[in-house]
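Chain and residue survey
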Amino acid sequence: MEKIENWFYQNLEETTSTNDAVQEFLKKVRSPCILTANCQTGGRGRLGRQWQSLKGNLFASFAYQINLRNLKHMVILSGLAVAETVQYFLPSQIVEVKWPNDVLVDNKKISGILFEKSFDDYWVMGIGINVCHTPILQNALYQATSFADFGILCDRKEVLKILVKKFDFLKEQYEKEGFFSIKKTWLDKAYNRGKKINIQQNGKIKEGIFQDLSDDGDLILKTSNGCEKIIVGDLFV
Ligand code: BTN
């Protein structure tokens with residue numbers, strides 16, 4: 001069976017969602033594993049949204065064990081790993097992480113990540129990166145972009161290999177040193193930190209200053225009523 005670093009790896013031609021298909025793979029290998037597909041027919045995003053899955057982009061789901069108390073840290077760490085991967089391929093662009101784990105280039109979204117529970121203490125971390133194509137989005141808070149928009153043509157598997165290296169490195173750093181250094185690196189790349197932002201939660205909008213990231217990985221929003229921890233929501237300006 002193929003491996004990338006220490007992860008069992010499989011690629012499918014087509015599947016509904018790699019987040020589902022990786023769970024079948026996980027049942028076979030019973031170890032940390034990654035499943036990609038050339039095409040998804042039912043790609044999904046955060047908060048019940050759809051993820052447009054154009055052939056040529058990267059759709060990768062990682063299944064591994066996460067202790068529930070570390071889950072929010074892994075959500076933040078995953079965005080950082082993707083941002084560092086994108087930066088590797090687009091060295092002259094400003095790559096930012098948008099809380100909780102979107103990655104933006106030029107104020108446009110190049111990647112999104114969806115965490116879902118699997119069995120026992122396994123979780124699925126599904127990552128979409130726009131490599132060759134830019135989806136045209138309707139009613140989205142952010143327009144999309146891709147590596148191709150910046151004239152970069154690369155192979156999805158090369159992108160995946162760099163992503164695995166970046167992720168493994170950060171995860172090891174987190175396991176040795178805790179969340180502190182991850183948080184610091186993340187904040188250095190954080191979109192609109194210290195500025196006015198809006199948080200959309202269940203159709204309602206909260207306005208404030210993006211003050212900080214809490215030690216749990218929540219966003220600290222300074223509003224006219226004081227500081228508030230935001231656990232879930234969509235950030236936009
Ligand atoms: C978001 O920004 O809303 C998260 C998007 C996550 C998309 C990826 S693509 C691979 C994996 N399979 C899915 O169905 N979703 C994730």
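Anything mentioned here points back to the structure above.
What this report covers is the structure whose coordinates are included nearby. Note that the structure is predicted; figures quoted are calculated from it, not measured.

Quick look at the overall build of the protein chain
- Assigned secondary structure in the protein chain consists of four helices and 13 strands.
- When the backbone C-alpha atoms are referred to their principal axes, the protein chain occupies close to 55 × 40 × 35 Å.
- Within the protein chain, the fraction of its 237 residues that count as buried is 53%.
- Residue pairs at least 24 apart in sequence account for 63% of intrachain contacts in the protein chain once pairs closer than 6 positions are excluded.
- As displayed, the protein chain has an accessible area near 11400 Å², and 49% of this comes from carbon and sulfur atoms.

Here we look at the sheet that holds strand S12 (residues 226-230)
- Spatial ordering of the open sheet is given by S12-S11-S10-S9-S13, a layout of five strands whose pairing is antiparallel. If you trace the sheet from one side to the other, it starts and ends with S12 and strand S13 (234-236), each paired once. Strand-to-strand twist of the sheet, defined as the mean angle between neighbouring strand axes without regard to direction, takes the value 45°.
- Judged from the six bridges that link them, strand S9 (residues 196-201) and strand S10 (residues 204-213) form a sheet pairing that is antiparallel. By the bridge assignment, Lys-196 is partnered in S10 with Ile-209.

Brief notes about the site of the ligand
- Residues in contact with the ligand amount to 20 residues; listed here are only the nearest, Ser-17, Gln-40, Arg-44, Arg-46 and Lys-109.
- One of the side-chain nitrogen or oxygen atoms of Gln-40 is found 2.8 Å away from a nitrogen atom of the ligand.
- When isolated, the ligand has an accessible area of 410 Å², and the protein chains bury 99% of it.
- Spatially, the ligand is embedded in the largest pocket.
- Looking at the shell around the ligand, the elements with two or more residues in it are helix H1 (18-29), strand S4 (58-65), strand S7 (108-117) and strand S8 (122-129).
- The residue inventory of the shell around the ligand, partitioned by class, reads six nonpolar, 10 polar and four charged.

Focus on the layout of surface pockets
- When its volume is computed, the largest pocket comes out at roughly 630 Å³.
- If you go around the largest pocket, you meet 33 residues; those closest to its centre are Gly-45, Arg-49, Gln-50, Trp-51 and Lys-109.
- The set of elements that each furnish at least two residues to the lining of the largest pocket consists of H1, S4, S7 and S8.
- Per-element tally for the lining of the largest pocket: the top contributor is S7, with four residues.
- Roughly 320 Å³ of volume is contained in the second largest pocket.
- Forming the walls of the second largest pocket are 18 residues, and the residues nearest its centre are Arg-46, Val-75, Pro-100, Ile-231 and Val-232.
- Of all the elements in the fold, those that place two or more residues in the lining of the second largest pocket are helix H2 (71-89) and S7.

As for the state of the cysteines
- One pass over the full model with this rule turns up zero disulfides.
- No disulfide involves Cys-154; its sulfur sits 6.9 Å from that of Cys-132, the nearest cysteine.

Here we look at the pattern of salt bridges
- Using the criterion set out here, one finds 17 salt bridges in the structure.
- One salt bridge connects Asp-20 with Arg-44, and the closest N-O pair in it is separated by 2.8 Å. One end of the pair, Asp-20, is in helix H1; the other, Arg-44, is in the loop between strand S3 (33-40) and S4, and 24 residues separate them in sequence.
- Residue Arg-44 is classed as partly exposed on the basis of its relative accessible area, which comes to 31%.
- With its nearest N and O atoms 2.8 Å apart, the salt bridge here joins Glu-116 to Arg-44. Here Glu-116, found in strand S7, pairs with Arg-44, found in the loop between S3 and S4; they are 72 residues apart in sequence, far enough to count as distant.
- Each of Asp-20, Arg-44 and Glu-116 takes part in one network of salt bridges that share partners.

Here is what the cut-offs are and how they apply
- Residues numbered from 1 in each chain as written.
- Predicted model: local features only at pLDDT ≥ 70, side-chain atom pairs only at ≥ 80, totals over all residues.
- Heavy atoms only, no water.
- Helix = DSSP H or I, 4+ residues; strand = E, 2+ residues; numbered from the N terminus.
- Buried < 20%, exposed > 50% of the residue type's maximum accessible area, 1.4 Å probe, protein only.
- Contact = heavy atoms within 4.5 Å.
- Areas by Shrake-Rupley, 256 points an atom, 1.4 Å probe, with all protein chains shown as cover.
- Pairing = 2+ DSSP bridges.
- Axes fitted to C-alpha atoms, helices over the stretch in contact; angles between N-to-C directions.
- Near = heavy atom within 4 Å.
- Polar contact = N/O pair within 3.5 Å; in protein donor to acceptor, adjacent residues only side chain to side chain.
- 1 Å grid on protein atoms, 1.4 Å probe; cavity = no way out; pocket = protein on both sides within 12 Å on 5 of 7 lines; lining within 4 Å.
- Sits in = over half its atoms within 2 Å of the grid points.
- Nonpolar A, V, L, I, M, F, W, Y, C, P; charged D, E, K, R; others polar.
- Points joined across faces, edges and corners; volume = space filled by probe spheres on them.
- Disulfide = S-S within 2.5 Å.
- Salt bridge = Lys/Arg side-chain N within 4 Å of Asp/Glu carboxyl O.

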